[in-house]
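# Analysis of the macromolecular model
So you can see what is in the structure, the chains are spelled out below.
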Amino acid sequence: MPEFYRDHILLVEHTESMPYTSVNQGRNPVFPRTNIDRVEQGTAVREAFQTAVADFLDTAPDDEFIYVVFTSAAGFLLDLDKMNTRNHRVANYRKINEDPEDETYEATVYLNKKAIGQFLGKIEQYINENTWAGNPKNQTLIANIDKIRAATLRSFWMEPELPFPGTREDIWWEVWLSRDLSRTAEEQLKAIYTIFELSGGFQIGAGRSIIFPENIVFLVKGTGLNLAVTLLYTDELAELRKPRNTADFFTYLDKPEQAAWITDLLDRLVIDNAQNQVSICLLDTGVNISHPLLAPLIPEGHIDAINPAWGNADSNRLGHGTPMAGLLLYGDLTDVLGEFHEVRIYHHFESVKILEGAQQNDPELFGAITQEAVARAEIINPNFKRVICMAVTSDLLVHRGQPSSWSAAIDQLCFGEVDEPNTQTLFLVSAGNVPLISRIDYPVSNQNATIEDPAQAFNALTIGAYTIKDKIDLDAFPGATLLAEHGDLSPSSTTSLTWFTEWPRKPDLVMEGGNHAMHRGGLIDPDSLQLLSTGKGGLMRPLFTTFGDTSGATALAAKFAAELYTIYPDYWPETIRALMVHSADWTRAMTGGHPVEHLPPMHRQVLVAKVGYGVPNFQRARFSANNSLSLVIQRTLRPYKFEESRVKTNEFHLVDLPWPSDILAEMQNAPVKLTVTLSYFIEPNPGARQYGLAASYRSHGLRFKMKDTYESDEGFAARVSKAARDEDEEFIKEGAEHWILGNQVRDKGSLHKDIWLGTAVELSTRNKIAVFSVGGWWKTRKLLKRYDNDVRYSLIVTIDTPDNGIDIYTPVQIQVPVIL
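The following paragraphs examine the structure supplied in this document. (Residues numbered from 1 in each chain as written. Predicted model: local features only at pLDDT ≥ 70, side-chain atom pairs only at ≥ 80, totals over all residues. Heavy atoms only, no water.)

## A look at the overall build of the protein chain
When you go through the protein chain residue by residue, the secondary structure sums to 22 helices and 38 strands. A globule of 820 residues ought to have a C-alpha radius of gyration of about 28 Å, and the protein chain, at 28 Å, matches this closely. For the protein chain, the C-alpha atoms occupy an extent of roughly 85 × 75 × 55 Å along the three principal directions. Looking at the protein chain as a whole, 58% of its 820 residues qualify as buried. Looking at the protein chain alone, contacts between residues at least 24 apart form 82% of all its contacts between residues at least 6 apart. On the protein chain, roughly 33,100 Å² of surface is accessible, and the fraction owed to carbon and sulfur atoms is 50%. Measuring between centres, the 76 positive side-chain charges of the protein chain sit 4 Å from its 106 negative side-chain charges. (Helix = DSSP H or I, 4+ residues; strand = E, 2+ residues; numbered from the N terminus. Rg over C-alpha atoms; globule rule 2.2 N^0.38 Å. Buried < 20%, exposed > 50% of the residue type's maximum accessible area, 1.4 Å probe, protein only. Contact = heavy atoms within 4.5 Å. Areas by Shrake-Rupley, 256 points an atom, 1.4 Å probe, with all protein chains shown as cover. Lys, Arg positive; Asp, Glu negative; His and termini not counted. Charge placed at Lys NZ, Arg CZ, Asp CG, Glu CD.)

## Looking at the nonpolar core
In terms of nonpolar packing, the biggest core is built from 87 residues, with Leu-283, Phe-427, Leu-657, Trp-659 and Leu-674 touching the most fellow members. When residues in this core are grouped by element, the largest group, 7 residues, is from helix H10 (residues 405-415). Dropping the residues within four chain positions of it, Leu-657 is found in contact with Leu-11, Leu-631, Ile-633, Met-706, Asn-767, Lys-768, Ile-769 and Val-797. In terms of nonpolar packing, the next biggest core, distinct from the first, is built from 80 residues, Leu-328, Leu-483, Tyr-565 and Leu-599 among them. (Core = buried A, V, L, I, M, F, W, Y, C linked by side-chain atoms within 4.5 Å.)

## Some thoughts on the pairing of strand E9 (residues 203-211)
Pairing of E9 with strand E10 (residues 215-222), which is carried by 5 bridges, proceeds in the antiparallel orientation. Each bridged residue has a counterpart across the sheet, and for Ile-204 the counterpart in E10 is Val-220. (Pairing = 2+ DSSP bridges.)

## Some remarks on the pattern of salt bridges
Evaluation of the coordinates by the stated rule reveals 42 salt bridges. Among the salt bridges present, the one from Arg-94 reaches Glu-106, with a minimum N-O distance of 3.1 Å. Placement of Arg-94 in strand E5 (residues 88-97) and of Glu-106 in strand E6 (residues 104-112) is noted, with a sequence separation of 12 residues between them. Taking the shortest distance from any N to any O, the salt bridge between Arg-344 and Glu-342 comes out at 2.5 Å. On the basis of relative accessibility, which here comes to 30%, the residue Arg-344 falls in the partly exposed class. When salt bridges that share partners are traced, they join Arg-208, Asp-304, Glu-364, Glu-372 and Arg-376 into one network. (Salt bridge = Lys/Arg side-chain N within 4 Å of Asp/Glu carboxyl O.)

## Quick look at unusual backbone geometry
Here the amide bond leading from Asp-453 into Pro-454 is cis, since omega sits at 10°, within 30 degrees of zero. Mapped onto the fold, Pro-454 is located in the loop between helix H11 (444-448) and strand E21 (461-467). With an omega of 5°, the peptide bond running from Lys-506 to Pro-507 counts as cis. Structurally, the position occupied by Pro-507 is in the loop between strand E23 (488-489) and strand E24 (509-512). The phi dihedral of His-14 falls on the positive side, at around 65°, and the residue is not glycine. His-14 gets classed as partly exposed once you look at its relative accessible area, which sits at 23%.

## Topic: the sheet that holds strand E26 (residues 522-524)
The strand order E22-E25-E26 describes an open sheet built from 3 strands, whose pairing is antiparallel. With partners counted over all chains shown, the strands left at the sheet margins are strand E22 (481-482) and E26, one partner each. The pairing of strand E25 (residues 517-519) with E26 spans 3 bridges and is antiparallel. Bridge pairing in E26 places Ala-517 opposite Ile-524.

## Observations regarding the pairing of E5
A large share of E5 lies buried, amounting to 7 of its 10 residues. Bridge analysis of E5 against E6 gives 8 bridges, and the strand direction is antiparallel. Its bridge partner lying in E6, Asn-97 is registered against Thr-104.

## Some details on the side chain of His-347
Residue position: His-347 is located in the loop between strand E15 (343-345) and strand E16 (348-353). Residues within four places of His-347 in sequence aside, it is in contact with Asn-273, Val-278, Ile-280, Leu-328, Leu-329, Lys-559, Ala-562, Glu-563 and Thr-566.

## Re the side chain of Thr-550
With respect to the helices, strands and loops of the structure, Thr-550 is situated in helix H12 (residues 549-567). A relative accessible area of 0% means that Thr-550 is categorised as buried. Only 3.3 Å separates the side chain of Thr-550 from the backbone nitrogen of Gly-432, close enough to count as a polar contact. Non-local contacts of Thr-550, meaning those with residues more than four positions away in its chain, are made with Ser-430, Ala-431, Gly-432, Asn-433, Ile-463, Gly-464, Ala-465, Ser-492 and Ser-493. (Polar contact = N/O pair within 3.5 Å; in protein donor to acceptor, adjacent residues only side chain to side chain.)

## Here we look at H10
Burial analysis of H10 places 11 of its 11 residues in the buried class, which makes it a mostly covered element. Within H10 the residues assigned to the buried category are Ser-405, Trp-406, Ser-407, Ala-408, Ala-409, Ile-410, Asp-411, Gln-412, Leu-413, Cys-414 and Phe-415. With its phi angle positive at about 85°, Gly-416 sits one or two positions after the end of H10.

By themselves, these observations are geometric and do not establish any function.
The structure is reproduced here in structure tokens:
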């Protein structure tokens, strides 16, 4: 056993900013078609473009602008950035053929009068002029175009899995406008709403909207026919999508219990949150705070609802918010009720009702609802640090990891504002559940069931479910067999195995979500395989209920986060998120009984897409020990700069780690483990432009590299940044990266963790780590002027050595300045 437990070591110094130039050669990812006749191609593009312009203007009320649709040749990308003019705008961009050998893309583009002439000029240059290298000018732009047509309302439909609605069908639409940066978002919305009011036949969705850097999103109800003669002929339309209703994922059983259990637990309850300012905020169906286990812990002033007419009580038929509250405060009551020790609660609790189960509502813009709910909680307790817990998801969007308005709204909430970053709020969202009827096909059904919207959010902690529930009453269910092995993925948990590789791997973590069993050819979920929590109560209803799935797992994770936050209240939300992931590990069942380093690379990738980084461990997240040393680094970095009329990379951070080098060297070939986790929040910029790449959605990306064994400081800096290399000498690489997961697995989203295994003497000289930037829209969208902004990141570095009594903590602690 470790000889002592200590707080983690927070490094406030030991960081040097150095000039950064990427060692990767930037190049245009668009390759042109070269086996075509340039005169024939240019002439065909010109004729198709002129026809499309005439077709659009035939029905337009004026000739100030047009929308046209460009389609690429099969297997080639469109290079519309080569139009290089402020007079055009890519409204949306989508892949219309998924075959990797024959991918085809389609872009809807706005052009004003000047842009029309400029594009025709570029066609003429392609036909008649060459570059200095002897290629046709504008080759990647013109050569890759196969078709051009006038845009219609259908051109803006971004739901490839759903048919475009009938023109006379009166339905709700999710409208995405392009931001007009010369006006405020409020002014732009007011002008659009006025158009709808004057036209008649439209209903605006609850007056809620979401404001992104380049888009405004709102809901409107009307026919496609009416929308086509109003919105299509404004110059602001970017996309149309289908509004999402939430999925019905509440599956659990009632369970009667004795009132004496409640009395015993209340006798052991100690409420110790008076000096703490950390709260869990539940966004759900409301909470019945009259429940005897909840009443002492939830003041009436801590509950609210998006719509005051709903009331604040739990409106789900069987109760959902109330069982969530029980888990958020007590954890699994199965573990609590049978104990004799005191139960101490350190955090506060808030509830904001975002769903009303008693009535059928019009679609809502749930991104705006979510942002409003968090704002309401901030009004209740303005100075609190806050863990948001949301187990409300939608299974209606086949997103494959790509952002939606809802997931982007969560990313925006976590990021905050450029000049006022979020310093208080950590957001946890459930992964969503496999339909109950499909769980009999476990685990194949889990591999095919995608994590639900909005759990693809970069900045949120997405929680899936695993299970160690393995007790079945064989007298009641003779011959029953467990569905999931002890420690494996829960039958309820969805995965990201079907996602595009460009997007984050989710879930990030898994917690207990319950199990199922097979009995006489059917699926059962006996109480012994579920979590126990507070029931909805009421006439003839029990005060306890079984609960589980990813909802229950998310509640347990949020409780974990809140308790960690109360211990480290001065840590950033990015750091609390990093500590949770940093502490996690995979069970033997998850890795098939093999050490993760022995798994083939593809299996490691599948592992992360199924269960993320595994199950978090509170002791490891909370403590360092004599043989397990954690360094916590919180820094601010400026990734970009504006120089020579363009945006360039600016700096990287070189962190000098106060390493126990002498002790590690003396331990020689003792096996050691190094774990590194990097966490940061991105500013989202959603929309279907730029080929759907993550780099066009995130403001920036950060990555880390570590100094290799025996690599010089100068050689490491030069390996990270071209700016650190001597221009007069050939660069010779001294070191490399040797990680268990590797950058192809870990470098997704905004949360990156990896593990290095080796000997103590090899680790003794690996005492520097670099944090540097990769591309994002802050770099490519120059007109938005985000290049002078700083970003925050949290870095956790842990050394684990054998538990042999050797103290590596104290030698590092004495190297670190005392924080007063």
